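These are the residues of each chain, in order.
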Amino acid sequence: MRRSGPAVLLALVGAAILRVSLFSELYLRYVQAGLRPYLVVSGAALVLLAVAVAGVSRGAAVHEAEGHEGGDGDGHEGGDGGGDGDGHEGAGDHAGHSHSDTHGHGPAGPRVAWFLTLPALALLFFPPPALGSYSAEREAAQRAAQGVGTFPALPSGNPVDLALEEFGSRAVYDSGRSLKGRTVRLTGFVTRDGDGTWYVTRLLVACCAADATTAKAEVRGVEAPPVDTWVTVTGTWHPEGELGSTEAWPPVVDVTSLRRVRQPDNPYEKR
């Protein structure tokens, strides 16, 4: 890789970070909204560092070129005489250059090192999607007894928009049965079990996508759209099992209407 290689890599990674955090909302696929300023500062710092590295490398290249020119002027004639004298020195130099060219080495390393730019280019032009059904299915339902108790009253009016995490908590642990007789509206993406049962699902994050957990509700009464389709469902809570028991999880909703929606800019709920 030539001297410009490190600068190119730094610039590509910095540009990729700025693309997802400063010029779009794509960063919400990976981290919470509060981390945006840190991403912007990090991306800008990498771009500035790339400029600095490029400047230093250019100065070093110019200095090296001037050194070679001075060396040729002082010793060119003597070098020719030494080469003509026994015929071995010139051949040795030629062999050395041939060996270097055969292995594809540039002035500062092997050309194959340029392949390091591929991940950075992929991040810049093809940012990874948000987590989906595969991540949700990997997590088994972990609902140990968190303590049954009363929850604050829901807002008046129907339907009431609820996060899936809140709907699940009220359905499983609310001794006041605040969901009873209420129409709720839930938004998430479609996941399915092997037996055909399907769920409206949302991933919860505390910091970033790496710590995601699952909130979901079993849907009854309507046909399932394809997996990973984002939907908004409206319906009523269908009680199952005793409060705080494994039979109560996941909660069930009897759906009366389903509408396909586009994935929100922030596909996660905050845990």
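A quick note: this is a predicted structure, and the numbers were derived from the prediction, not measured.

Undergrad: What am I meant to see in the overall build of the protein here?
TA: A count of helical and extended segments in the protein gives 6 helices and 9 strands. When the 271 residues of the protein are sorted by exposure, 32% land in the buried category. If you sum the accessible surface of the protein, you get close to 15600 Å²; carbon and sulfur atoms cover 58% of it.

Undergrad: Teacher, can you tell me more about helix 6 (residues 164-173) here?
TA: Every α-helical turn comprises 3.6 residues, leaving residues that sit three or four positions apart pointing alike. Within helix 6, 8 of the 10 residues are buried, which leaves the element mostly enclosed by the surrounding structure. Within the span of helix 6, buried status applies to Leu164, Phe167, Gly168, Ser169, Arg170, Ala171, Val172 and Tyr173.

Undergrad: Explanation requested: unusual backbone geometry in the structure shown.
TA: Only a minority of non-glycine residues have a phi that is not negative, and only a minority of peptide bonds are not trans. Asn158 connects to Pro159 through a cis peptide bond whose omega is -5°. Within the element layout of this structure, Pro159 appears in the loop between helix 5 (133-138) and strand 3 (160-161). At the junction of Trp249 and Pro250, the peptide bond is cis and its omega measures out at -5° in the coordinates. Relative to the elements of secondary structure, Pro250 occurs in the loop between strand 7 (230-238) and strand 8 (252-260).

Undergrad: Just to check I follow, could you spell out the environment of Val51 for this structure?
TA: Checked against the element boundaries, Val51 lands in helix 2 (residues 36-86). Judged by its relative accessible area of 56%, Val51 falls in the exposed class. Separated by 41 residues in the primary sequence, Val51 and Leu10 place their C-alpha atoms 8.9 Å from one another.

Undergrad: Which parts of the structure should I look at to understand the packing of helix 1 (residues 5-21) against helix 4 (residues 117-125)?
TA: The interhelical angle for the contact between helix 1 and helix 4, taken along N-to-C directions, is 20°, at an axis separation of 8 Å. Of the possible angle classes, the one that applies to helix 1 and helix 4 is roughly parallel. The way helix 1 lies across helix 4 gives a crossing that is left-handed. Residues Val8, Leu9, Leu12, Val13, Ala15, Ala16 and Arg19 of helix 1 pack against Thr117, Ala120, Leu121, Leu123, Leu124 and Phe125 of helix 4. Of the residues that constitute the contact of helix 1 with helix 4, the class distribution is 11 nonpolar, 1 polar and 1 charged.

Undergrad: Sorry, what's going on with the pattern of salt bridges here?
TA: Two side chains carrying opposite charge are able to pair once their charged atoms lie near each other. Counted under the stated rule, the structure contains 5 salt bridges. The salt bridge involving Glu240 is made with Arg220; its shortest N-O contact spans 3.3 Å. Taken together, the positions of Glu240 in the loop between strand 7 and strand 8 and Arg220 in strand 6 (residues 213-220) put the pair 20 residues apart, joining distant regions of the chain. The exposure class of Arg220 is partly exposed, given its relative accessible area of 30%. With a shortest N-O distance of 4.0 Å, Asp265 and Arg262 are connected by a salt bridge. For Arg262, a relative accessible area of 63% corresponds to the exposed category.

Undergrad: Could you clarify how one ought to interpret the side chain of Lys216 in this entry?
TA: Along the chain, Lys216 turns up in strand 6. We note that Lys216 is buried and unpaired, the nearest opposite charge coming from Asp193 at a distance of 4.9 Å. Residue contacts for Lys216: discarding those within four places in its chain leaves Leu164, Tyr199, Val200, Thr201, Trp249, Pro250 and Pro251.

Undergrad: Got a minute to help me understand the pairing of strand 4 (residues 183-192) in this structure?
TA: Taken residue by residue, a regular strand's side chains alternate between the two faces of the sheet. Bridge count between strand 3 and strand 4: 2 bridges; the pairing is parallel. What sits directly across from Asp161, in strand 4, is Arg185. Between the parallel pair strand 3 and strand 4, the chain is carried across by helix 6, and the sense of this crossover is right-handed. Here strand 4 runs beside strand 7; their pairing, made up of 7 bridges, is antiparallel. Among the inter-strand pairings, Leu186 is bridged to a residue of strand 7, identified as Val233. Count of turn residues in the strand 4/strand 5 (residues 198-205) antiparallel hairpin: 5 residues, of which Gly196 carries a positive phi of about 95°.

Undergrad: For this particular structure, what's the right way to read helix 1?
TA: Between the first and last C-alpha of helix 1 there are 25 Å, a value that for 17 residues agrees with the 24 Å anticipated at 1.5 Å per step. The complete set of buried residues in helix 1 reads Gly5, Ala7, Leu12, Gly14, Ala16, Ile17, Leu18, Val20 and Ser21.

Undergrad: Looking at this model, I keep getting lost on the confidence of the model for the protein. Mind explaining?
TA: Close reading of the predicted structure is inappropriate where its pLDDT is low. Of all residues in the protein, 72% attain a pLDDT of 70 or more, and the chain-wide mean is 77. Residue range residues 136-145 is modelled with pLDDT below 50. Its contacts to residues more than four positions away, or to other chains, number 14 contacts.

Undergrad: Hey, could you run me through the environment of Arg177 in this one?
TA: Topologically, Arg177 is positioned in the loop between helix 6 and strand 4. Take Arg177: its relative accessible area is 31%, and that puts it in the partly exposed class. Considering only alpha carbons, one finds Arg177 and Gly149, 28 residues apart in sequence, at a separation of 9.8 Å. Setting aside residues up to four positions removed in sequence, Arg177 forms contacts with Trp237, Pro239 and Leu243.

The rules behind each value
Residues numbered from 1 in each chain as written. Predicted model: local features only at pLDDT ≥ 70, side-chain atom pairs only at ≥ 80, totals over all residues. Heavy atoms only, no water. Helix = DSSP H or I, 4+ residues; strand = E, 2+ residues; numbered from the N terminus. Buried < 20%, exposed > 50% of the residue type's maximum accessible area, 1.4 Å probe, protein only. Areas by Shrake-Rupley, 256 points an atom, 1.4 Å probe, with all protein chains shown as cover. Axes fitted to C-alpha atoms, helices over the stretch in contact; angles between N-to-C directions. Parallel < 35°, antiparallel > 145°, perpendicular 65-115°, else oblique. Left-handed = near helix turned anticlockwise from the far one by under 90°. Contact = heavy atoms within 4.5 Å. Nonpolar A, V, L, I, M, F, W, Y, C, P; charged D, E, K, R; others polar. Salt bridge = Lys/Arg side-chain N within 4 Å of Asp/Glu carboxyl O. Lys, Arg positive; Asp, Glu negative; His and termini not counted. Pairing = 2+ DSSP bridges. Right-handed = clockwise from strand over helix to strand, strands pointing away. Expected span 1.5 Å × (residues − 1). pLDDT = per-residue confidence, 0-100.

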